[in-house]
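# Descriptive analysis of the structure
Here is what each chain is made of, one letter per residue.
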Amino acid sequence: MRGPARPSPSGAWRWLGQQIERQADRWTLWTPVAFGCGAGVYFALLREPQIWTGFAGLALAAVLLLAVNRWSRSRVLTASVVLAACFLAGLAMATLRTEGAKAPVAPAEARPQRLEGWVMDVASPGQGGPRLLIAPSRIGDWAPAATPIRVRITLRGGYLPAPGEPISVLAVINSPPQPASPGSYDFARDAFFQSVGGVGFALGPVQTWYPRELPPWRLRMTMRVNALRWALTRRIVDTLGISTGGLAAAMTTGHEAFIPKAQVDDLRAAGLAHIISISGLHMAIVGGFVFALARFGVAAWPWLALRISGKKLAAGLALASVLAYLILSGAPPPAERSAVTAAVAFGAILVDRQAISLHALGLAAFVVLILQPEAVTQPGFQMSFAATAALVALAEAWPHPVKEINTPWPIRIVQGLWTWTLAGAAASFVAGTATSPFAMQHFNRVSTWGLISNLVTEPISGFLMMPGLAIGAVLAPFGLGKWPLEVAGFAIDLMNRVAHIAATAPYAVLNVASGPEWALPVAFLGLLWLCLWKGRLRWLGLPLALAVNLAPKPPTPDAWVDGAGAAVAVRSGGDAVLFRPDVKLFGAELWARRRGLAPLKTEAARDVNYDCDHWSCTPLATAPLKIASAWNVKRPLKDGRFAQMCGSAEVVILRNDFPAESCPAPLVLTGADFARGGSAELYRQAPGRWRVVWAQDQRGRRPWTWGPDLRRSP
């Protein structure tokens, strides 16, 4: 008898060739991936390439595409050349986009200036209070060419002006903040592409300003739209109250000024924070609701149904509703990306193509990346397209059983409910799994009950909340929006109860340290491989998709210092002990979460190992890390304090520019070091030997990292 046939190399090659042939209609799905990889490489550079490289890259990409279209006869060669051209195009478009976004940036100074300008919009509130986005006409004695296009100001309570109002306020305006710790979120980069060249805080009340001339017409149109959004926001809040209306307004107009902090904390802990930001979920619900309502209306009118395509009419109305919702929301970047995706889906229906498909999603991603190459670095883009790709891939693989004829309606209802529940659970699980690497890497938190919370709130938001808000927003200007808004308010109250229960449940939130920098791109490519590849080889992407989970965590720093040298935190076991628990708390918490530490915000925890007064801290004999810090700027240290710090510490951190040679400590960091390097992480390698990692070194010399005082540097 013959034994079982052994697999031969030729058979394995033949099987592999068959798997590759199955991708004949799929390789085009990788073109936006290649484009995004090119843009990602550009943003990972430490030096800004010359502008001519952008034009040269586009020209080379065009030559490659023309050549392969004319002479290539091999499908593999064609695919390889097209993907290479897309990679070059992504690199080139990101370069040109950056060149076109360059604008004046405020200097890094703390001198008060009189700001005169127009309120462009009411921004999301920060820890310091309400914030305004202002289009300045004049800032102090700054030259017009050095005046930023947009600045963001935090108010100190009092009168909150509406969009369109000309105001004057005394404020301290600085350049956009650098990362709170090396490798963390870079607000200055996003601000650069949004033309926000300065941020600051008001020193006094807002005053009325009487401009001599009107603002540019585009600015006037933007402020009129934002004024209508703000008026609708106030109307919603007045109808539903702050506790419910704040969240309703945020989901309708994008204004988050009235959301109570406790609600935001509960939604984050429950994995429902995505409901606040207007994104794909909101666009899908609004567009889908209008689409379904229009199709039902056409079908209910036989005369009209026999003369027009109800599906195309519904798609056109849904597309119009998505664009209207985009304008109403203020067109933030997540809403713009979601609107592009929805427009591609409804546009596919208008041209008799499949609305929901990976090809439609790929086209939407391509459009977004061409318009905003910087989106590839933003968590919103990464999470939304990863989740959508996973859901579309799930829809492709989901079995579609043949419907039985003449099934009794009670059985059909039970079957429908079971199918809907199973599909909803699968969709929530797949979307949550696809976005978990990004949540872990960017936000360092895992919502334990997030899957259940999203599954419970999905019908609430889809059938009550968003339709009620959509109808209420349309009818509110006519005084008829009260009852739809009350229905939406009822749904919001239900969702808040679910969020509170999940947030207070045991182990609601798990803090997870960030993985190495390479882990997230690898995980993203692994997820895309799982979604885009057809056949068994798709499972090769699974270990790559788990890179953030499986990769060894980087070594935990022993200490952290903010970019001004004003706040210090040291590691003590699994905790981060803050020298100043009431200062720079946001940055300290961000660093601690990123490194998997729990920040201790009490002076009692600090005073166990450190002797601190109002201006400085020195280590005691019991301190595991001999670090001293002085954060006073104007007042001198008390007698003997400086000598005590330098004599008892291995690391001395001085906010002022003290002469380092006057301190015998092994490592002395002064204000000049922080002005040059930004925030820092310190690693103790041996007694008296420390390694410092600076944020600016990881950011490189890019247009968004150059302050006006650094642009002379090479």
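Refer to the structure presented above.
What comes next is a walk through the structure. (Residues numbered from 1 in each chain as written. Predicted model: local features only at pLDDT ≥ 70, side-chain atom pairs only at ≥ 80, totals over all residues. Heavy atoms only, no water.)

Next up on the list: the side chain of Ser329. Its location among the elements puts Ser329 in the loop between α11 (310–328) and α12 (333–350). Within the local environment of Ser329, its side chain forms a polar contact with the backbone oxygen of Leu326, the two atoms lying 2.8 Å apart. Excluding residues within four positions of it along the chain, Ser329 makes contact with Arg229, Thr252, Thr253, Gly254, Ile278 and Ala335. (Helix = DSSP H or I, 4+ residues; strand = E, 2+ residues; numbered from the N terminus. Polar contact = N/O pair within 3.5 Å; in protein donor to acceptor, adjacent residues only side chain to side chain. Contact = heavy atoms within 4.5 Å.)

Think of an α-helix as turning once every 3.6 residues; residues three or four places apart then point the same way. Spanning 14 residues, helix α13 (residues 358–371) covers 20 Å between terminal C-alpha atoms, matching the ideal 20 Å at 1.5 Å per step. Those residues of α13 lying buried are Leu358, Ala360, Leu361, Gly362, Ala364, Ala365, Phe366, Val368 and Leu369. Considering only its buried residues, α13 is in contact with α2 (31–44), α4 (75–101), α12, α14 (379–397) and α18 (519–532). (Expected span 1.5 Å × (residues − 1). Buried < 20%, exposed > 50% of the residue type's maximum accessible area, 1.4 Å probe, protein only.)

This part covers the pattern of salt bridges. The tally for this structure, following the rule as stated, stands at 17 salt bridges. Where Glu374 meets Arg97, a salt bridge forms, and the shortest distance between an N and an O atom there is 2.9 Å. Here the residue Glu374 occupies a position in the loop between α13 and α14, and Arg97 occupies one in helix α4, the gap between them amounting to 277 residues. Its relative accessible area of 4% is what places Glu374 among the buried residues. According to the relative accessible area criterion, Arg97 is partly exposed, its value standing at 26%. The salt bridge partner of Asp265 is Lys261, with a shortest N-O separation of 3.0 Å. (Salt bridge = Lys/Arg side-chain N within 4 Å of Asp/Glu carboxyl O.)

One pass over the structure, following the stated rule, counts 18 aromatic pairs. For the ring pair Trp30 and Trp529, a centre distance of 5.9 Å and an interplane angle of 55 degrees mean the geometry is tilted. One end of the pair, Trp30, is in the loop between α1 (9–21) and α2; the other, Trp529, is in helix α18, with 499 residues separating them in the sequence. With centroids separated by 5.9 Å and ring planes inclined at 70 degrees, the aromatic side chains of Phe43 and Phe193 adopt a geometry described as edge-to-face. Of this pair, Phe43 sits in helix α2 while Phe193 sits in helix α5 (residues 187–193), and the two are 150 residues apart along the sequence. There is no split in this pair, since Phe43 and Phe193 are both buried. Through successive ring pairs, a cluster of aromatic residues spans Tyr42, Phe43, Phe192, Phe193 and Trp704. Lying across the ring of Tyr683, Arg691 places its NZ or CZ 4.4 Å from the centre. Over the face of the ring belonging to Tyr42 we find Arg702, whose NZ or CZ atom lies 4.5 Å from the ring centre. (Phe/Tyr/Trp six-rings, centres within 6.5 Å; stacked < 30°, edge-to-face > 60°. Lys NZ or Arg CZ within 6 Å of the ring centre and 35° of its normal.)

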